[in-house]
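# Geometric and topological summary
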Amino acid sequence: MSLKAKLLLLAILPLILVTALVTMVSLQQAHRLSEQEIRIFEENLLGSKRRELQHYVSLALTSIDHIVANADAHDEAAKAEVKRILSDLTFGDDGYFFVYDQQGQVLVHPILTELVGRNLLRMRDERGDPVIRTLLQRAREGGGFHRYLWQKPSRGESEEKLSYVVLLPKWNWMLGTGLYIDDIAKEVTEIRREVNRNIRNTFFTVLLIVSAAVALIVMIAIALNLHESRLANARLRSLAHKSIQLQVSQRRGFARELHDGINQLMVSVKYRIEVALNKLQKGDHDVAADLCQGMAVLNDAIREVRRVSHDLRPSILDDLGLEPALRNLLEEFRERTGILVDLQLKLPGARLTDDIEITLYRVVQEALTNIQKHADASRLQVRCRYQGGLLRLQLQDNGCGFDPKNLKKQAGIGLRNMRDRLELLGGEFELDSAPGEGTRIRVALPGGGDSRGEQG
C-alpha cells in the first residue's frame, strides 16, 4: 500500500469510526428516550382511563345508594332491585357493570348473561392470571385497578381490559366496571413504530452524510494527488533542467579555464622549446634562458592543473572527509583575505554520502568567493551542525550587504548555483541581506543514509 493510500485511510477511518460511535450512542439514547416518552404517554392514557372508571363506579354507587342505605343484609328484594339497576347501566359499545360475591359467583353481567350464577373464582385468562380472585382481593383492600384479558363483546375476542372494583360492605359484594384498552395498545404501537421509523431515517441520513463526506474526501484526495503529481513532475523537470544547466555552466567554466589558462601556458612552453631548438639548429648553444623560462611556465601550468583539479574535486575531501576539508578551505580563505573566521563544526561521526559532502563543500566555496569579491567584510561566522536529521549550515559576514531584490542577473549566478545544488538534493536555501547590515546564508540539507546522528 502506497503512502498516499495510507494517509487517505488515516483521514477516512477516524471519521468513520467516530461517526459510527457517535451514531450508535445517539441511537441508543434515542431508543431509551423514546421508550421513556412512550411509557409516560401510556401512563397518561391509563391515568385518564382510571379516572374515567372511578367516575363510572361513583355514578353506579350513586344510582343504588338510596336502595342499599334503606335495606338490611338479608333484604332479597333490595338485592334484586340493585341487580336490575346495575344490569341496565351500560355506557359506550362495550361498557357495563359486573357484580360478584366473595365466593366468585357471578351476580350481575348484562353482556354475558350465561355467566350469571356461575362460579369463576378459579378462572384464569390466557396469560394465566386468576382474574376474579385478584379483583376480589383489590375490592377487599378498599378498591383498586387490575389489568387482564377478557372477551370484548363487540369483537368476540380477548382484549386487554382495565377494571376498577369496590366492595359493597353491607352485602359483601364486589362491584366493578372496566374499559378495554386495546386502543391504547394500538396507539402506543403506532407511536413506537413511528419513533423507530424516525430513528431508522436518522440513521440512514447520517449514513448518507458520512458516505458523502467520505466520497468528498476521496475526491479531494484524488484532486490533490493529481495536483501534487503535476507539481512534482514540473519540479522534477525544473530540477533536471537546472542540473543540466549547472553541468553546462561547470563545463563551460572548465573549458574556459583550460583554454584561457592551461592551454595558453602550454602554448608558451611549446614556443620556448621551439626557440631553443631553432637556436641549437643554428649552432647557437645559448638556450639555457629559453629552457628556464619554459620550465617556469611549465611549473605554472602544473599549478594551474592542480588548482583546476582541486576545484573539480578536492583530494582532501576524499581522503579525510568534510570537516577537515572545510577547515582547510576556511583556513586558506583566512590566509588569502585576512578576514577573521569564527568556525564551529558539529558534524556526524560517520562519513556522509559523496553528493552531500561535495554539495556542502561547493556551497561554502561559492559563498567564500562571493564574500571575497563583494562583501568587503572583516569577520565571518560559520556554523555547521547535524540536528533532527538535517545538516544545517550558516555563514554570516559583517560586510556591506546588498538588497536581494536589486541583485543583477550576472552577479546572482553564484547564489543561483548554490540554490540549484541544494534543491537537487531536497535541501533548502535562505538568504538574508540588507545594505550596511552584512549577509547571512542559511542552508538545510537532509543528512544522508550514512549519518549516525548528531554528535559533538
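Residues numbered from 1 in each chain as written. Predicted model: local features only at pLDDT ≥ 70, side-chain atom pairs only at ≥ 80, totals over all residues. Heavy atoms only, no water.

For the rest of this paragraph, the subject is the overall build of the protein chain. A tally of regular secondary structure across the protein chain gives 9 helices and 11 strands. Burial status across the protein chain gives 36% buried among its 456 residues. Considering only contacts within the protein chain whose residues lie at least 6 apart along the sequence, 62% involve residues at least 24 apart. Total accessible area computed for the protein chain in this model is approximately 26900 Å², and 55% of it derives from carbon and sulfur atoms. (Helix = DSSP H or I, 4+ residues; strand = E, 2+ residues; numbered from the N terminus. Buried < 20%, exposed > 50% of the residue type's maximum accessible area, 1.4 Å probe, protein only. Contact = heavy atoms within 4.5 Å. Areas by Shrake-Rupley, 256 points an atom, 1.4 Å probe, with all protein chains shown as cover.)

Below, the discussion takes up the nonpolar core. Of all hydrophobic cores here, the largest spans 39 residues; its most connected members are L380 and L393. Broken down by element, the residue count for this core peaks at 10 residues, all from helix α8 (residues 354-375). Of all hydrophobic cores here, the second largest spans 30 residues; its members include L53, I67, A71 and I184. (Core = buried A, V, L, I, M, F, W, Y, C linked by side-chain atoms within 4.5 Å.)

What follows is about the pairing of strand β9 (residues 390-397). Judged from the 8 bridges that link them, strand β8 (residues 379-387) and β9 form a sheet pairing that is antiparallel. Its bridge partner being in β9, L380 is matched across the sheet by D397. Linking two consecutive strands that pair antiparallel, namely β8 and β9, is a turn of 2 residues; a positive phi of about 60° is found at G388 within it. Here β9 runs beside strand β11 (residues 439-446); their pairing, made up of 8 bridges, is antiparallel. The residue bridging Q394 from the neighbouring strand is R442, located in β11. (Pairing = 2+ DSSP bridges.)

A word on the UniProt feature "transmembrane region" (unreviewed entry) in the protein chain. As recorded in UniProt, the feature "transmembrane region" (unreviewed entry) lies at residues 203-226. Between the C-alpha atoms that bound residues 203-226 there is a distance of 34 Å. The span itself is 100% helix and 0% strand. (UniProt positions renumbered as here; feature names shortened; annotations may be inferred.)

Below, the discussion takes up unusual backbone geometry. Despite not being glycine, N172 shows a phi value in the positive range, around 60°. Following the sequence through the fold, N172 ends up in the loop between β5 (157-168) and β6 (173-180). Judged by relative accessible area, N172 falls into the partly exposed class, the value being 36%. Positive phi outside glycine occurs at D376, with the angle close to 55°. With respect to the element layout, D376 can be found in the loop between α8 and β8. A relative accessible area of 69% places D376 in the exposed class.

So, about the packing of helix α7 (residues 322-337) against α8. Two elements in contact, α7 and α8, have axes separated by 10 Å at closest approach and are oriented at 10°. With respect to their mutual orientation, α7 and α8 come out roughly parallel. In contact with L322, A325, L326, L329, L330, F333, R336 and T337 of α7, α8 contributes E357, L360, Y361, V364, Q365, L368, I371 and Q372. Looking at the contact of α7 with α8 residue by residue, the class counts come to 11 nonpolar, 3 polar and 2 charged. (Axes fitted to C-alpha atoms, helices over the stretch in contact; angles between N-to-C directions. Parallel < 35°, antiparallel > 145°, perpendicular 65-115°, else oblique. Nonpolar A, V, L, I, M, F, W, Y, C, P; charged D, E, K, R; others polar.)

We now examine α7. Its 16 residues give α7 an end-to-end C-alpha distance of 22 Å, which sits within 8% of 22 Å, the value for a rise of 1.5 Å per residue. All buried positions along α7 are accounted for by L322, A325, L326, L329, L330 and F333. Seen from one end, α7 has its buried residues packed into an arc of 125°, which puts them on one side. Of the surrounding elements, those touching the buried residues of α7 are α6 (315-319), β7 (340-346), α8 and β8. A positive phi of about 80° marks G338, the residue just after α7. (Expected span 1.5 Å × (residues − 1). Arc of directions from axis to C-beta.)

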